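Examining the three-dimensional arrangement
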There are 2 protein chains.
Amino acid sequence: MPRSIFFISDGTGITAETLGRALLTQFQDLPFKQVSMPFVNDMEKLEWAIKRIERAHETDAEQPVVFCTIIQRELRERLTQCHAVVIDFFEAFTGRLEQVLGRPAAHVAGRFHGMGNAQDYGERISAVHYALDHDDGVTTRDFEKADIILVGVSRTGKTPVSLYLALNHGIQAANYPFSDDDFVQGGLPDRLEPFRAKLFGLTIQPDRLQQIRQERRPNSRYADPEQVRNEIRAVEQLYRRERIPFLDVTYMSVEEIATSIIQQAGLQRRL
Amino acid sequence: MPRSIFFISDGTGITAETLGRALLTQFQDLPFKQVSMPFVNDMEKLEWAIKRIERAHETDAEQPVVFCTIIQRELRERLTQCHAVVIDFFEAFTGRLEQVLGRPAAHVAGRFHGMGNAQDYGERISAVHYALDHDDGVTTRDFEKADIILVGVSRTGKTPVSLYLALNHGIQAANYPFSDDDFVQGGLPDRLEPFRAKLFGLTIQPDRLQQIRQERRPNSRYADPEQVRNEIRAVEQLYRRERIPFLDVTYMSVEEIATSIIQQAGLQRRL
């Protein structure tokens with residue numbers, strides 16, 4: 001029987017889930033049944049949540065594990081009375097931090113994934129629209145406003161990474177896909193030359209790229225193994241010759257690619 | 001002097017930052033100087049990180065606070081020897097979880113924000129491309145493949161929320177912007193009729209929308225207060241008449257909107 005896991009929060013629950021899931025990756029061989037309960041910010045909602053937890057306890061005949069990021073003390077105290085192992089993230093560290101920082105915690109309901117200030121919100125949304133307007137080389141207009149310009153051949157992850165940078169960090173990321181025409185010319189495409197310092201290249205192992213393209217357009221020239229190998233060879237030559245920093249993303253998640261680019265390009269996050 | 005805060009991790013550092021920042025929101029009146037140090041996965045990188053921490057300790061004449069999510073024991077032990085308050089996330093909870101779950105933790109370096117399995121990766125990327133291909137009513141083709149279709153007047157957050165759902169949960173979200181033409185017709189646009197059950201509406205207070213549009217296209221008809229009020233009145237009438245569930249996003253972040261939609265529409269996350 002899989003162990004019941006609950007993520008319970010007075011906000012989105014993103015913090016509780018991030019932390020809880022990170023811990024559970026250390027017990028990967030065990031089966032879990034995970035339930036998210038966001039926006040539990042009053043006693044009525046909490047009692048409803050506790051009913052679900054108690055029901056899991058009865059059905060499973062084992063204690064559920066509850067990862068909790070609720071700020072209000074009375075709600076947290078009520079939660080500890082149920083038949084579950086409650087892992088309370090704020091409880092665990094707040095005392096220690098109060099001691100170090102020399103003042104009491106505010107204990108206001110967690111707005112960590114809330115709206116924040118209007119300026120941050122605006123930066124973020126405009127970064128998303130910037131990424132969309134400058135996706136896939138649609139236009140090189142306003143490239144001077146880019147914080148970074150991702151380059152690479154088709155399907156190396158430029159678009160998801162641009163959007164991730166925009167949504168999570170308010171970074172304005174444009175992207176430009178290299179095509180065969182660009183390689184024929186040698187050198188950097190003229191349109192990119194003025195923005196040389198902002199370029200960051202992505203590359204990927206040909207086998208993996210071939211597989212990705214094959215799923216998208218089976219048996220096309222685009223997914224032909226030799227075509228893919230040639231493109232990758234040409235693009236890596238270009239990166240080296242033009243001294244564009246680049247990253248092999250074959251074994252990387254979107255988060256890892258974004259974090260590496262921020263680190264290697266020394267980007268400032270805006271949020 | 002702002003307190004130095006370090007987020008140190010053997011992976012992206014997203015877990016360490018999520019935990020640390022959530023805790024620091026409880027001390028909002030204090031100034032902090034935050035530094036992220038991702039991919040610290042061997043002793044050489046750790047010694048380099050410790051040099052930065054020790055330097056902050058000397059400059060600030062106060063102990064820095066270090067939020068740590070490193071798995072390797074020898075690295076963590078070395079870290080605790082530096083002049084800083086180390087908040088070690090795995091240390092704090094792993095013992096308790098081992099006890100509850102009845103087996104030892106794997107202690108393999110945190111791949112929580114790593115690539116995961118290839119299928120998850122593919123789902124996520126194809127959801128991002130789906131959101132892009134079905135952004136802003138470009139096409140209603142393939143609407144049957146949508147998990148959800150966000151509707152609303154221009155600039156109510158449909159696009160960022162669609163992309164967030166795709167990137168973070170692998171949910172295929174299309175979006176369709178209502179325009180004056182749609183309101184003249186009365187009823188639901190014909191193209192949406194077959195997908196009625198997948199529609200989810202966004203609305204926003206007219207003042208806030210007017211402000212957002214004014215920033216985008218100053219003094220246009222689009223940003224005219226009366227035009228904005230009329231659109232919002234018409235769209236909310238439409239939602240009520242057609243029984244489309246909807247959400248007022250005026251005071252909500254992208255994360256809160258996404259979480260609420262998943263909850264209210266009972267969407268299945270795919271990752």
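As shown above, the structure is provided for reference.
For clarity, every value in this text was computed on a predicted model and none was experimentally measured.

Between the two copies of this chain, the relationship is a rotation about some axis together with a displacement along it. The two copies are related by a screw motion: chain A maps onto chain B through a turn of 180° and a shift of 0.0 Å along the axis, at an RMSD of 0.1 Å. Classification of the inter-copy transformation places it as that of a two-fold axis. When C-alpha distances to the rotation axis are compared across chain A, the minimum falls at Leu19 of chain A, with a value of 3.5 Å. Of all interface residues in chain A, 100% are interface residues in chain B too; the two copies therefore contact each other through one and the same surface.

The subject of this paragraph is the side chain of Asp10 of chain A. Residue and element names in this part refer to chain A. Tracing the backbone through its elements, the reader meets Asp10 in the loop between strand 1 (3-9) and helix 1 (14-24). Buried within the structure, Asp10 lacks any salt-bridge partner; its nearest side chain of opposite charge belongs to Arg76, at an N-O separation of 8.1 Å. At 2.9 Å, the side chain of Asp10 forms a polar contact with the backbone nitrogen of Ile71.

Residue and element names in this part refer to chain A. Overall, parallel pairing links the four strands, which are arranged 2-1-3-4 in an open sheet. Two strands close off the open sheet at either side, each with one partner strand: strand 2 (32-37) and strand 4 (85-88). On average, each strand axis in the sheet is tilted by 20° relative to the strand beside it, whichever way the strands run. The sheet contact formed by strand 1 and strand 3 (residues 65-69) spans five bridges and is parallel.

All names here are of chain B. Located in the positive-phi region is Phe39, a residue other than glycine, with phi close to 55°. Among the structural elements, Phe39 can be located in the loop between strand 2 (32-37) and helix 2 (43-60). Residue Phe39 is classed as buried on the basis of its relative accessible area, which comes to 17%.

Another aspect to go through is the side chain of Thr203 of chain A. All names here are of chain A. Tracing the sequence through the fold places Thr203 in strand 7 (residues 199-203). Of the residues examined, Thr203 reaches a relative accessible area of 1% and is grouped as buried. Only 2.7 Å separates the side chain of Thr203 from the side chain of Glu236, close enough to count as a polar contact. Filtering out sequence-adjacent residues up to four positions away, Thr203 remains in contact with Ile232, Val235, Glu236, Tyr239, Phe246, Leu247, Asp248, Val249 and Thr250.

Moving on to the environment of Ile212 of chain B. Residue and element names in this part refer to chain B. Along the chain, Ile212 falls in helix 8 (residues 206-216). On the accessibility criterion, Ile212 (16% relative accessible area) is buried. Between the C-alpha atom of Ile212 and that of Thr156, which follows or precedes it by 56 residues, the distance is 9.0 Å. Sequence-distant contacts of Ile212, that is, excluding residues within four places in its chain, are made with Arg155 and Ile204.

Moving on to the interface of chain A and chain B. Contacts between chain A and chain B engage 71 residues on the former and 71 residues on the latter. Of the roughly 7,100 Å² buried where chain A meets chain B, counting both sides, 68% is carbon and sulfur surface. When the buried area of chain A at its contact with chain B is split by residue, Gln26, Phe27 and Phe93 of chain A rank highest and sum to 10% of it. Where chain A meets chain B, there are six salt bridges. One salt bridge in this structure joins Arg103 of chain B and Asp29 of chain A, with 2.7 Å as the shortest N-O distance. The interface formed by chain A and chain B contains 16 residue pairs in polar contact (both at pLDDT 80 or more). Counting only elements with at least two residues in the side of chain A that touches chain B, the list comes to helix 1, strand 2, strand 3, strand 4, helix 4 (89-101), helix 5 (118-133), helix 6 (158-169) and helix 10 (254-265) of chain A. Grouping the constituent residues of the side of chain A that touches chain B by class yields 39 nonpolar, 17 polar and 15 charged.

Right, let's get into the pairing of strand 2 of chain A. All names here are of chain A. Note: strand 1 against strand 2, six bridges, orientation parallel. From the neighbouring strand, Arg3 faces strand 2, where its bridge partner is Phe32. Crossover handedness for the path strand 1 to helix 1 to strand 2: right-handed.

Rules and cut-offs
Residues numbered from 1 in each chain as written. Chains lettered and ligands numbered in written order. Predicted model: local features only at pLDDT ≥ 70, side-chain atom pairs only at ≥ 80, totals over all residues. Heavy atoms only, no water. Least-squares fit on C-alpha atoms with pLDDT ≥ 70 in both. Contact = heavy atoms within 4.5 Å. Helix = DSSP H or I, 4+ residues; strand = E, 2+ residues; numbered from the N terminus. Buried < 20%, exposed > 50% of the residue type's maximum accessible area, 1.4 Å probe, protein only. Lys, Arg positive; Asp, Glu negative; His and termini not counted. Salt bridge = Lys/Arg side-chain N within 4 Å of Asp/Glu carboxyl O. Polar contact = N/O pair within 3.5 Å; in protein donor to acceptor, adjacent residues only side chain to side chain. Pairing = 2+ DSSP bridges. Axes fitted to C-alpha atoms, helices over the stretch in contact; angles between N-to-C directions. Buried area = accessible area lost by both parts, 1.4 Å probe. Nonpolar A, V, L, I, M, F, W, Y, C, P; charged D, E, K, R; others polar. Right-handed = clockwise from strand over helix to strand, strands pointing away.

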